[in-house]
Protein chains: 2
Amino acid sequence: MDKKRVYNFGNGSAEGRAGMRELLGGKGANLSEMNLIGVPVPPGFTITTEVCAEYNELGKERVVSILKDEVEKSISKIELLMKSKFGDVENPLLISVRSGARISMPGMMDTILNLGLNDEVVAGLTRKTGNERFVWDSYRRFIQMYGDVVLKMKPVKKDDIDPFEAIIEKVKADKGIKLDNELETDDLKTLVKKFKIAVKEGTGRDFPTNCYDQLWGALCAVFDSWMNERAILYRKMEGIPDEWGTAVTVMAMVYGNMGNTSATGVCFSRDAATGEDLFNGEYLINAQGEDVVSGTRTPRQITKTGSLRWAKLAGVREESRMKNYPSLEEAMPEIYHQLYELQSKLEEHYKDMQDMEFTVQEGKLWFLQTRNGKRTGAAMVKIAMDLLHQGKIDEKTALMRCEPNKLDELLHPVFDKKALLRAKVLTRGLPASPGAGTGQIVFFADDATQWHTAGKQVIMVRIETSPEDLAGMSAAEGILTARGGMTSHAAVVARGMGKCCVSGVGALNIDYKKRTVEIDDEVFHEGDFLSLDGSTGQVYEGKIETKAAEVSGDLAELMKLTDKYTRMDVYTNADTPHDAQVARSFGAKGIGLCRTEHMFFEGEKIKAMREMILAETLEGRYKALSKILPYQQIDFKGIFREMNGLPVTIRLLDPPLHEFVPHDLKGQEDMAETMHVSLKYIQQRVESLCEHNPMLGHRGCRLGNTYPEITQMQTRAILGAALELKNEGIVVLPEIMVPLTGILYEFQEQKTVIDNEAKKLFDEVGSRIEYKVGTMIEIPRAALTADKIASAAEFFSFGTNDLTQMTFGYSRDDIASFLPVYLEKKILKVDPFRVLDQNGVGQLIRMATEKGRKVRPNLKCGICGEHGGEPSSVKFCDQVGLDYVSCSPFRVPIARLAAAQAAIENV
Amino acid sequence: MDKKRVYNFGNGSAEGRAGMRELLGGKGANLSEMNLIGVPVPPGFTITTEVCAEYNELGKERVVSILKDEVEKSISKIELLMKSKFGDVENPLLISVRSGARISMPGMMDTILNLGLNDEVVAGLTRKTGNERFVWDSYRRFIQMYGDVVLKMKPVKKDDIDPFEAIIEKVKADKGIKLDNELETDDLKTLVKKFKIAVKEGTGRDFPTNCYDQLWGALCAVFDSWMNERAILYRKMEGIPDEWGTAVTVMAMVYGNMGNTSATGVCFSRDAATGEDLFNGEYLINAQGEDVVSGTRTPRQITKTGSLRWAKLAGVREESRMKNYPSLEEAMPEIYHQLYELQSKLEEHYKDMQDMEFTVQEGKLWFLQTRNGKRTGAAMVKIAMDLLHQGKIDEKTALMRCEPNKLDELLHPVFDKKALLRAKVLTRGLPASPGAGTGQIVFFADDATQWHTAGKQVIMVRIETSPEDLAGMSAAEGILTARGGMTSHAAVVARGMGKCCVSGVGALNIDYKKRTVEIDDEVFHEGDFLSLDGSTGQVYEGKIETKAAEVSGDLAELMKLTDKYTRMDVYTNADTPHDAQVARSFGAKGIGLCRTEHMFFEGEKIKAMREMILAETLEGRYKALSKILPYQQIDFKGIFREMNGLPVTIRLLDPPLHEFVPHDLKGQEDMAETMHVSLKYIQQRVESLCEHNPMLGHRGCRLGNTYPEITQMQTRAILGAALELKNEGIVVLPEIMVPLTGILYEFQEQKTVIDNEAKKLFDEVGSRIEYKVGTMIEIPRAALTADKIASAAEFFSFGTNDLTQMTFGYSRDDIASFLPVYLEKKILKVDPFRVLDQNGVGQLIRMATEKGRKVRPNLKCGICGEHGGEPSSVKFCDQVGLDYVSCSPFRVPIARLAAAQAAIENV
């Protein structure tokens, strides 16, 4: 009962500090910290995240009664500093109520501004400020915000119209104006009147006039917003635990909308898109913060450099720019100077790129927030390397600053340069989030999701985006918006997601009903192709070929740094020379999984393979396999050549035989003809190969043990290829991998077949080569009896896809019928096929590694499931002490970074 | 190099003893022991089982050179005692060479008799014995046996004719005689001559004349026979390791075929079929041992009582009996007296029923072998209880003497008494192995196997059986033979297998070619039905209904004894009141697994279930489920009533929904009509429910978690039934079991649903009842995270069927494509679905039990897979500390005995 629930700050002192973000939220902790380092911040207090948990547990009434005294005392402190009084008619204090979780969840939760207003206060405040329009504008904003958020009048369905917006539109239409700031004071008074009627109609009660009623309503609404649907969705996507809760910060209001000496803005200490060390941001004169970020007005640039660049991109002439869009540097040089100094101070203090909100009230600058800025993958790498070069952070910090998954953006395809030359530029907007995207136009988030699920690439086209569009944006290849700047919702979210985004494209004329977008008289329909370059802001007609990115510059330097700190190697899963080459260029140190299935499928091989399956005698199977042998030898040579000097782990044939036979009538007829047997025979054979549960059937080394001749052929192809290349001076390090081992003897039998065939081949050729024979560990029993298996196997490779299937008893092909429900009910926190289940599957990996190494201390252990490229799984592998992780070529840099971070963390 | 390889015995002293069976084999150890306790045994020596391993490792030449000196010395010792000389022309010693493994493998390995004969020795021996016919008879037998076994002239394919047999048949046909003992001395000489020619033709070499060459050939042949095909098959069936090897015993020959004062026989200290404390056996005058067991001559009874009983059964008149089939008691009263005394002495010494071989040579009695006798399940129980009552063994020994699996015979169906009254008796034979069997006639082992695999019940009909028929006998419901006594191959093997057998039915006239059997002019064809009563020897026409056996008499007493020593309870898997009642009568202490699937299938329920599956809304599903509820409540009441006072573990719905919908067009049309929807809709729904790997799909608690309303309904049915019975004074102890749990939260969600529904029901009814909620542990992840799951679950039940599937990654439905190869190659020693895999699956069980009890010390743990009725698995469960095993009703007594033995062993 005695724990501290409320932390005060203001006027250069604070009860909290930056290190207390778990308790105060990021926003609250930084507001305290800013006070402590001399950055001007309106006074206020933060209610802790622990109270959010209490709120969810004990309920509204209990928590309000617990908080009452403390909150009232803190309000008094603000009153003292601001020399005004909450609810006072003559000299009223207005406050804001803001959410703030441990890590930033932009746009997810609610904020209420201008709290403390009622009809009497409005009258007093008007007398005090002499700015009637500002007061009424604040009042109408407050009622709308409060009505939407606290009184829950905001429609749940996004297509329904907000009742307050409807009133505004009606008033503007009646008056014949378009923009909110064209509304005059009387119009604002009309709005307030109509708003109050709407509240009465919508809730059955009058709008609350008591300022403490307002405050408690707002506090509870913020706590409530932690559990709103879109916040839950966001947390699920970002892997944030529900238990964390949000803090609530209450601050004195300062106003950017008190006339032309007031302004509000958002700024970054470096460029969030490119990472350039360039102070930048956007602001609006005589506006509140929401005007800047919502995209309803096109904001102005803070620096002159930025303004000039923006004007060039947007095609705005210098006269118009100077008149309508002057930079803050030009419009308020004194304020700009303060702002510049303070942002430097903040970056210097936090040693990272800062994302700051500020307000200028009648010539005085206030900071409302600072936080480490979200950034694109490219910016993340550049900023980390720049800070390192500038001596502000050390190498380990630089590595830890980069989020492995975000490297994905840098490795995403860019437009093929040649294709781009032929492409038609339709228009240009702001380069809001870099990268290239091409796809079919959709206008609604639901469509984006559905089309994406259906395998289509889509570009989401919106006037502006809102948090409701999140899922759709996540499914799209790129986002194109008509309104909004570099800090608009669309831009911020797209950068966070690593999606390309072009925003604020004035030339767009979107008709949601007709599902069309007009760009300079040209009409595009839903389903038409568009291409976006988020790095230049250009919008292209049609589909444009893309190509893979390269590892160079800062990224290359970062990658080099990973090698300095990493303990584990990163291998790749590659089945072809091309994959091997790409992966090697990304820094793969070997192939951890070369699947051989495709070597039985392509061209002539499939015929011979079918012959083998059909053969009823050993001789028949030998004959058929001898046809496949030379093809496979060529395949292996191609891969070995690319991996000269590096180990190549080759998995013997794994899938059930029925995957190789045709299941359609036409295919069966062809097969019958080719093989000179009856259709009926083929059909019977196909039927006999079908299984109830093929995942648990006749596959993996069960094939090699029932048809050892397949293993013989593959051994001969692998080692034969290696011996031929040896003559060319190429160093081949083959590691032959037996799949699906569950029993020691199963492996031993295969190893004997391999070793015998190798010996035979070496004798024939008169030359030999070193090779290893190891096994996949993907059957729970193999992990449980790993000590036995390690007595014969020279390496273990954890096949976490199958191991996850069998440990959970989930068929990956059938999981769709219950996985969504499991995620929704939080029975599962994440899809275990995406993120390694450390408790269950991980336990088997740890056990097998320990048991295996007890018997064979130098046992080489790695992982080759899809988890090998997922950062949290890679870190687990490091903890367990694996020698390598293997992942798809494009995830190699991600895995390298994760591995280096793991080594630093796991010291 | 200094280890002792050869152990001598003879004339009342011996280097070995009974406790050395691992080294000397059962036969060798007992021959030594018999010497030590004063039973007359021909002198000899035993070569150890270790030499068999050396033989397999080092090969023939090395082992012969290692053994040479020792063997020659031991032969000298025999020569000394027998006052004759091996290979000597004037006073020759003849010897036998016999195999003998650690445990008896009747008929599996080879024996050579009369070794040491050649043309000169024959001449000398004739002079010495004055019995030319005996000598030549021995000689021709020796050449045939040596030719077959050592020179490998016995045809591999059983339908091919033995070249020696062909010669004999020819000679007999030429002479117009039928029986071997009608051959005169000259005929025997002709045979020897022709045999030698056959050997020369067949092997390219002369028959060996040097007696040591003969000896080494025979010794090696015995070692070779350890690895012959049928010995390997037998060991696989009996679970005997290949590493054990066989010992070889070399003994001086004694002859039962030296005229009318000579005889040979087999006897038992108690009745091997019924267990009665009645000395019994069979003998033949002037014969060798093989004549008795091969069934070529119908043997005579040893005791007068036995002889009278046999005559009655076989319909032999007293005059004929006295003349042609006198008992040994009547024919050689002095010898009988000695035999009786010695068999008593042996049983007294070994404290178990003895199976003995003896030979009388010219009035002197020799024992050739004694061992614990094979017996039927009924005899096993009776003998154990009798020995206990007679004070010869204690309770624990009585329990340990009974082999749990053999109780199966006592629990096998017997003929329905009413059906038997209507049945027509065709003929009568010897009651060679008790129990009832009904099935279709087959004549060949291969057919028996194939028909059995095809799901048919077969009766195997043979003139006589041989070791080649083993697999067929194992597949048959019963065995019927025309020749052979109670100790014939057919009789001994059938008793071992617990199959019913009627042997020595003279009325049978079998035509293998036509595949018919004539019984008193009535012809039966392959495929016709016959029924056998192995307890009475009666053969019935047609198929006769069978019914379950009861637990009474000695068995009931044995079962009572198990309760005194057991630590684990035995529960049953029962889904119906009838099963519950049967299991309770067999002593089940509760239901460990009550599957509820059938409660959704039968009659009206399936319609409602299909409605539920089809319903697209929660309301629709509720409506459909409310129709099923009353039916399930009735089902549960029936089971609870039977189990009054005992716990009943009910598993919630487990199988995937697609099992409930029709997959055939007709069924789908019916369903469409009943449900008033289109056929297409039904087909789409059925299609959508199909899964790639249903075993790993949407089933178990994944159903309950996606459709909690099913769990609600089942909870209501279970507890509703319990509450209603409570009013009748019936004590219901329901334990609700959640299937297929893999994740704590998965279980928690279900437990919440169950508890909420229970509370709701209790409130409605105004009464309550205690219940438990626990889970199956059948997913590897559940075992790995058992500590977490035990925080919420009140009991664990190991579902070892599914746990085996997922731990091995085997689909039980698809295993047939590789399991036979795996067993053959010994990758798997046994089918893991039959015998629990202690290393892998067992490790998970042990881990889960330990982890679970660490969190919840009183956690109730049991096993409910099919392994719960398999003795070795039951013993493992005891070691792990499980509270109970649960098995099918008919295996309850087996599990109870195994559990008691486990408790005694695991002290």
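The rules behind the values
Every chain's residues receive numbers from 1 upward, in the order its sequence appears when written. Labels follow written order: the first chain is A, the first ligand is 1, and so on. Restriction of local features to residues with pLDDT of at least 70 applies here, the model being predicted, together with a cutoff of 80 or more for giving and counting side-chain atom pairs; totals for whole chains, interfaces and linings are based on all residues. Values reported for side chains reflect all heavy atoms of the structure, with hydrogen atoms and water molecules removed beforehand. When a carboxyl oxygen of Asp or Glu is within 4 Å of a side-chain nitrogen of Lys or Arg, the pair counts as a salt bridge. Only protein chains enter the accessibility calculation, which uses a 1.4 Å probe; a residue is then buried when its area is under 20% of its type maximum, exposed when over 50%, and partly exposed in between. Strands here are runs of E lasting at least two residues and helices are runs of H or I lasting at least four, both read from the DSSP assignment and numbered beginning at the N terminus. Here, two residues are considered to be in contact whenever any of their heavy atoms come within 4.5 Å of each other. Two strands are counted as paired when DSSP detects at least two bridges linking them. Every angle, taken between N-to-C directions, lies between 0 and 180 degrees, and every axis is a line fitted to C-alpha atoms, over only the stretch in contact when it is a helix. Polar contact is the term for a pair of N or O atoms within 3.5 Å; when the atoms are in protein, one must be able to donate a hydrogen and the other to accept it, and sequence-neighboring residues count only if both atoms are side-chain atoms. Asp, Glu, Lys and Arg are counted as charged, while Ala, Val, Leu, Ile, Met, Phe, Trp, Tyr, Cys and Pro are counted as nonpolar; the rest, among them Gly, fall into the polar class. Orientation categories follow fixed angle ranges, with anything under 35 degrees roughly parallel, anything over 145 roughly antiparallel, 65 to 115 roughly perpendicular, and all other angles oblique. Should the near helix be turned counterclockwise from the far one by less than a right angle, the crossing is left-handed, whereas a clockwise turn marks it as right-handed. Ring pairs are drawn from Phe, Tyr and Trp, using the six-membered ring of Trp, whenever the two centres fall within 6.5 Å, and their geometry is named by plane angle: stacked under 30 degrees, edge-to-face over 60, tilted for the rest. Two thresholds decide whether a charge sits over a ring: the Lys NZ or Arg CZ must be within 6 Å of the ring centre and within 35 degrees of the ring normal.

A. Structural view of the pattern of salt bridges. Counting across every chain of the model gives 126 salt bridges over all chains. Residue Arg768 of chain A is joined to Glu770 of chain A by a salt bridge in which the shortest nitrogen-to-oxygen separation is 3.8 Å. Accessibility expressed as a relative area gives 47% for Arg768 of chain A, which makes it partly exposed. Among the residues examined, Glu770 of chain A registers a relative accessible area of 62% and is labelled exposed. We note a salt bridge from Arg102 of chain B to Glu22 of chain B, for which the minimum N-O separation is 3.8 Å. Within this pair, whereas Arg102 of chain B is found in the loop between β6 (95-101) and β7 (111-115), its partner Glu22 of chain B is found in helix α1 (residues 21-36), the two being separated by 80 residues in sequence. On the accessibility criterion, Arg102 of chain B (17% relative accessible area) is buried. Several salt bridges converge on common partners, so that one network encompasses Arg270, Asp277, Glu347, Glu348 and Lys392 of chain A.

B. A look at unusual backbone geometry. One non-glycine residue with positive phi stands out, namely Asn286 of chain A, at about 55°. Within the secondary structure layout, Asn286 of chain A lies in the loop between β10 (280-285) and α10 (289-294). Of note in this structure, Asp521 of chain B is not a glycine but carries a positive phi near 70°. Exposure remark for Asp521 of chain B: the relative accessible area of 70% places this residue in the exposed category.

C. Representation of helix α37 (residues 871-880) of chain B. All names here are of chain B. Counting buried residues along α37, eight of its ten residues qualify, which places the element largely inside the surrounding structure. Pro871, Ser873, Val874, Lys875, Phe876, Cys877, Asp878 and Val880 are the residues of α37 that are buried. In this structure, the buried side of α37 is in contact with α36 (841-855), β33 (860-863), β34 (884-887) and α38 (892-905). Two residues or fewer after α37 comes Gly881, characterised by a positive phi angle close to 95°.

D. View of the sheet that holds strand β29 (residues 647-651) of chain A. Residue and element names in this part refer to chain A. Pairing within the closed barrel is parallel, and its eight strands lie in the order β27-β28-β29-β30-β31-β32-β33-β34. Strand-to-strand twist in this sheet, taken as the mean axis angle between neighbours without regard to direction, amounts to 25°. Note: β29 against strand β30 (residues 733-738), five bridges, orientation parallel. If you follow Ile650 over to β30, its bridge partner there is Ile736. Sitting on the sheet, helix α30 (residues 708-727) touches β29 and β30, and the angle it makes with β30 is about 170°.

E. Spatial organisation of the interface of chain B and chain A. Tallying the contact residues gives 47 residues for chain B and 47 residues for chain A. At the junction of chain B and chain A, the tally comes to two salt bridges. Linking chain B with chain A are 30 residue pairs in polar contact (both at pLDDT 80 or more). Breaking the side of chain B that touches chain A down by element, the ones donating at least two residues are α29 (701-706), α31 (744-765), α32 (780-784), α34 (800-808), α35 (819-824) and α36 of chain B. Broken down by class, the residue content of the side of chain B that touches chain A amounts to 20 nonpolar, 14 polar and 13 charged.

F. Representation of the packing of helix α27 (residues 665-675) of chain B against helix α28 (residues 679-689) of chain B within the structure. All names here are of chain B. As a packed pair, α27 and α28 sit with axes 8 Å apart at the nearest point and diverge in direction by 120°. Relative to α28, the element α27 is oriented oblique. For the crossing formed where α27 meets α28, the hand is right-handed. Listed contacts from α28 to Leu665, Gln668, Glu669, Met671 and Ala672 of α27 are Leu679, Ile682, Gln683 and Val686. The class makeup of the residues in the contact of α27 with α28 is six nonpolar, two polar and one charged.

G. Just the packing of aromatic side chains, in detail. Evaluation of the coordinates by the stated rule reveals 46 aromatic pairs over all chains. With centroids separated by 5.2 Å and ring planes inclined at 35°, the aromatic side chains of Tyr55 of chain B and Phe223 of chain B adopt a geometry described as tilted. Taken together, the residues Tyr55 of chain B in helix α2 (residues 49-58) and Phe223 of chain B in helix α8 (residues 211-225) connect sequence positions 168 residues apart. Residues Tyr55 of chain B and Phe223 of chain B agree in their burial class; the two are buried. An angle of 90° between the planes, with centres 5.7 Å apart, marks the rings of Phe142 of chain B and Phe207 of chain B as edge-to-face. With Phe142 of chain B in helix α5 (residues 132-149) and Phe207 of chain B in the loop between α7 (185-203) and α8, this pair connects stretches of sequence that are 65 residues apart. Three or more aromatic residues joined by ring pairs make a cluster, and in this case those are Phe808, Tyr810, Phe818 and Tyr822 of chain A. If you follow Lys456 of chain A out to its NZ or CZ, it ends over the ring of Trp451 of chain A, 4.6 Å from the centre.

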